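As a plain string of letters, each chain reads:
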Amino acid sequence: SKVISTAASAAKLARSSALLTVRAYTQYSQGEWNGRLRQAKAENNFFEAKTIYDEMKLAGHAPSRETFHLLATTAMRNKNLGGTLEALDEMKSYGLVPDVIFYNIVLYTAAKQQKVDFCLKLKQEMQNLGVPANTRSYLAVLDACNRTRRFDKAFEVTRMMRAEGIEPTEMVFTKLLELCSHSPTLIPQAKVVFQEMIDAGIRPTSLSYSAYISLLAFNGKPLEAFEVSKQAAAEAKYQENTQGDENEDQQRPHINFVSSMVLAKALTRTNNLAEAVEVVELASHGVFDSVGGLKSVKTGKTMYNTVLNKLYRKAVESGEDSLVSRLIATEAPERGVRRNATSFQYALDTLIQKDDEEGVAALVREVIALPESEQQKILGAAYTAAEENKWAGVQAILPEQKSVSAVEEEEKKE
């Protein structure tokens, strides 16, 4: 009986508390309720948004369209498909027909969870209700197809889009190119998609160029990818010369730096060394880049060093001195591109073999800016060459020679 009495008291207290809450909130206007929902949205707090919505209903306030949009958007930001669907059902229960923006919120959330068939079903519901889809609606469905590798559905969706009088945009073409990149059997379709984009008068951007080049490079077509990259580089230079620096990131069709390294690696692997060196040159001097510069692309910098090392090795082995010289000149320290120890050693060995005292001196100046333990690992050959060849200029700038273990021990003590 004590347990029952305690439970009854707790229930009574909860009802009283809820009643007090409702009474306190009855004074809120519609704008104040939505203001609280906007705050919950800003904090990405769907639980808080749902609580506010429930309190709003208890207080007897009828939600507005904005109310449901705020609730659904907060759910989308939390990848909560159930939350967006609940907001959709609630909106319908109040006799409001969701607009295309609301449906797009639900579509994007469903796409993130790879629900292709659900997206298509929702698209059909929009059609039944007379809500016209827009490009963003189709992009969401294509995103779901891309995540699930549903190639057949993706091209079907594009046909549906055109049937409704909506022409594909650059983003739609890019989504199709990204989808094709998942299978080498789709290279013919990718070529058609890329050509359709050109024929439609749409200038490829970083995303579309990068997707197409990576697709070809990954699937055994590095020379074709190289030709596309030259087209992109030529267009980038033309844009720069004709339009100047104003809105440069938007005007220039950059190739993503990582994609350019994928291409350089594929060319190196297939022994197309001259082409690989050209890609590295363009990448290191900023023609191929991602917005923001190399310093923000850690993966790209790591790939750069890996590709550079392989290129040095192959160029040295094949006796391509001119290619080695071009590689040595690719470093652009002001852009955050730095050779690592292995590529420094390749460059140094090549310069020594060519008896290039000035080149060795210039490289030594770069190396002595590195930590002392790295210097000693790289400069071993330089000490020997400077002594044998009586290179006074090199000897003058070489630091005192120490064993690597001694330097490492000193650094540990420090």
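What this report covers is the structure whose coordinates are included nearby. (Residues numbered from 1 in each chain as written. Predicted model: local features only at pLDDT ≥ 70, side-chain atom pairs only at ≥ 80, totals over all residues. Heavy atoms only, no water.)

## What to know about the overall build of the chain
Item 1. When helices and strands are tallied, the chain shows 24 helices and zero strands.
Item 2. Per-residue burial over the chain gives 45% buried out of 414 residues.
Item 3. Residue pairs at least 24 apart in sequence account for 66% of intrachain contacts in the chain once pairs closer than 6 positions are excluded.
Item 4. Total accessible area on the chain is roughly 20,600 Å²; 51% of this is exposed by carbon and sulfur atoms. (Helix = DSSP H or I, 4+ residues; strand = E, 2+ residues; numbered from the N terminus. Buried < 20%, exposed > 50% of the residue type's maximum accessible area, 1.4 Å probe, protein only. Contact = heavy atoms within 4.5 Å. Areas by Shrake-Rupley, 256 points an atom, 1.4 Å probe, with all protein chains shown as cover.)

## Describing the packing of helix α10 (residues 170-180) against helix α12 (residues 206-218)
Item 1. Interaxial distance between α10 and α12 falls to 9 Å at its minimum, and their mutual angle equals 20°. One finds that α10 runs roughly parallel with respect to α12. The way α10 lies across α12 gives a crossing that is left-handed. Contacts between α10 and α12 involve Glu170, Met171, Thr174, Leu177, Glu178 and Cys180 on the former and, on the latter, Leu207, Ser208, Ala211, Tyr212 and Leu215.
Item 2. Taken together, the residues of the contact of α10 with α12 sort by class into seven nonpolar, two polar and two charged. (Axes fitted to C-alpha atoms, helices over the stretch in contact; angles between N-to-C directions. Parallel < 35°, antiparallel > 145°, perpendicular 65-115°, else oblique. Left-handed = near helix turned anticlockwise from the far one by under 90°. Nonpolar A, V, L, I, M, F, W, Y, C, P; charged D, E, K, R; others polar.)

## Regarding the packing of aromatic side chains
Item 1. Enumeration over the complete set of coordinates arrives at four aromatic pairs.
Item 2. On the numbers, 6.0 Å between centres and 55° between planes, the contact of phenylalanine 194 with tyrosine 209 is tilted. On the criterion of sequence distance, the pair formed by phenylalanine 194 in helix α11 (residues 187-199) and tyrosine 209 in helix α12 is long-range, its members being 15 residues apart.
Item 3. Take phenylalanine 194: its relative accessible area is 6%, and that puts it in the buried class.
Item 4. In this structure tyrosine 209 comes out as buried when scored by relative accessible area, which is 0%.
Item 5. With a centroid separation of 4.2 Å and 15° between ring planes, the pair formed by phenylalanine 194 and tyrosine 212 is classed as stacked. Residue phenylalanine 194 is found in helix α11, and its partner tyrosine 212 is found in helix α12; the two are separated by 18 residues along the sequence. There is no split in this pair, since phenylalanine 194 and tyrosine 212 are both buried.
Item 6. An aromatic cluster is defined as three or more aromatic residues linked by ring pairs; in this entry it consists of Tyr53, Phe68 and Tyr94. (Phe/Tyr/Trp six-rings, centres within 6.5 Å; stacked < 30°, edge-to-face > 60°.)

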